[in-house]
Amino acid sequence: GQQVQQSPASLVLQEGENAELQCNFSSTATQLQWFYQSPGGSLVSLLSNPSGTKHTGRLTSTTVTKERRSSLHISSSQTTDSGTYLCAIVSSAGNKLTFGIGTRVLVRP
Amino acid sequence: DPKIIQKPKYLVAVTGSEKILICEQYLGHNAMYWYRQSAKKPLEFMFSYSYQKLMDNQTASSRFQPQSSKKNHLDLQITALKPDDSATYFCASSQDSWQGNTLYFGAGTRLSVL
């Protein structure tokens, strides 16, 4: 079945540092979304990026559809960025979001 | 104010019992979903509904039954509870049933089955 793999599994940053999170997927995706899950568990959509590059605030996502990969770049990290970042795709074969297990990010002051 | 309300936030149940997880959304969306997040596993799609009709069911067990009494309600009834059902259950919604649309999640119901 389709899989979404994220790396690294976890990341520790000093406040102000940048980070790059990776997402690789095993089937053609018609949609790719990045989500943030807070330490308390709440989930928020960050951005949708099925191809190309998109920016929102300090986040930049680059998706190379043909290579089945996407990255999420966090610039000038803040302690409030701590949490888990989830990548999810909708494959061309279906209409459901399949999630990766996430990258857990800890930003230290 | 939260736009997707899930009740209760925490739930403890005994093996073999039945529980209903409540979800209401006030975003005016036409599609609603249930997802499950178990420890150390990815968020897993369970059901999707559009205009109160079941669109997709990826749950193998018939013990999980969604119930939609109104367009903005999608409850989840779980019968004959097992310890393996322990997880956080998230309700979500989107404007329509294509899951490529932005998905909005509730805060989740954390279920523990003893």
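No experiment lies behind these values; they were computed from the predicted model shown.

*Asks:* Before we move on, could you go through the interface of chain B and chain A and cite the residues and values that matter?
*Replies:* Every contact between the two is made by 18 residues of chain B and, on the other side, 16 residues of chain A. Roughly 1500 Å² of surface becomes buried between chain B and chain A when both sides are summed, with 56% attributable to carbon and sulfur atoms. In this structure, the connection of chain B to chain A is made through 0 salt bridges. Inspection of the region where chain B meets chain A yields 1 residue pair in polar contact (both at pLDDT 80 or more). Taken together, the residues of the side of chain B that touches chain A sort by class into 8 nonpolar, 7 polar and 3 charged.

*Asks:* Can you tell me about the state of the cysteines, naming the residues and giving the values?
*Replies:* Residue and element names in this part refer to chain A. Throughout the structure, instances matching the rule amount to 2 disulfides over all chains. Two residues share a disulfide in this structure: Cys-23 and Cys-87, whose sulfurs sit 2.0 Å from each other. Residues Cys-23 and Cys-87 share a disulfide whose torsion about the S-S bond is about -70 degrees; that sign makes it left-handed. Taken together, the residues Cys-23 in strand 3 (residues 19-25) and Cys-87 in strand 9 (residues 83-91) connect sequence positions 64 residues apart.

*Asks:* Got a sec to walk through the sheet that holds strand 1 (residues 4-7) of chain B? Specific residues and values, please.
*Replies:* Across a sheet, strands are paired by hydrogen bonds formed along the backbone, either parallel or antiparallel in direction. All names here are of chain B. Across the sheet, 4 strands lie side by side as 1-3-8-7; this open sheet has antiparallel pairing. The two strands at the open ends of the sheet, each matched to only one other strand, are strand 1 and strand 7 (64-67). Going from strand to strand, the sheet's axes swing by 15 degrees on average, the running direction of each strand aside. Across 3 bridges, strand 3 (residues 19-25) lies against strand 8 (residues 75-78) in antiparallel orientation. Along strand 8, the bridge assignment pairs Ile-20 with Gln-77.

What counts, and at which threshold
- Just so you know, the residues in each chain are numbered from 1, in the order the chain's sequence is written.
- Lettering of chains starts at A and numbering of ligands starts at 1, both following the order in which they are written.
- With pLDDT at 70 or above as the cut-off, local features in this predicted model cover only qualifying residues; side-chain atom pairs require 80 or more to be listed or tallied, and sums for whole chains, interfaces and linings still use all residues.
- The side-chain numbers reported here are obtained from all heavy atoms of the structure, hydrogens and water having been left aside.
- Contact between two residues is taken to exist if any of their heavy atoms lie within 4.5 Å; hydrogens are not considered.
- When two components associate, each loses some accessible surface as probed by a 1.4 Å sphere; the sum of these losses over both components is called the buried area.
- What counts as a salt bridge is simple: a side-chain nitrogen of Lys or Arg found within 4 Å of a carboxyl oxygen of Asp or Glu.
- Pairs of N or O atoms are called polar contacts if they sit within 3.5 Å, as long as, within protein, a hydrogen donor faces a hydrogen acceptor (for residues adjacent in sequence, only side-chain-to-side-chain pairs).
- Put simply, Ala, Val, Leu, Ile, Met, Phe, Trp, Tyr, Cys and Pro go in the nonpolar bin, Asp, Glu, Lys and Arg in the charged bin, and everything else, Gly too, in the polar bin.
- In plain terms, two cysteine sulfur atoms within 2.5 Å form what is called a disulfide here.
- Think of it this way: any DSSP run of H or I at least four residues long counts as a helix, any run of E at least two long counts as a strand, and we number them from the N terminus.
- At least two bridges found by DSSP between two strands are what make those strands a pair.
- Note on definitions: angles span 0 to 180 degrees between N-to-C directions of axes, and those axes are lines fitted to C-alpha atoms, for helices only across the stretch in contact.

By themselves these figures say nothing about function.
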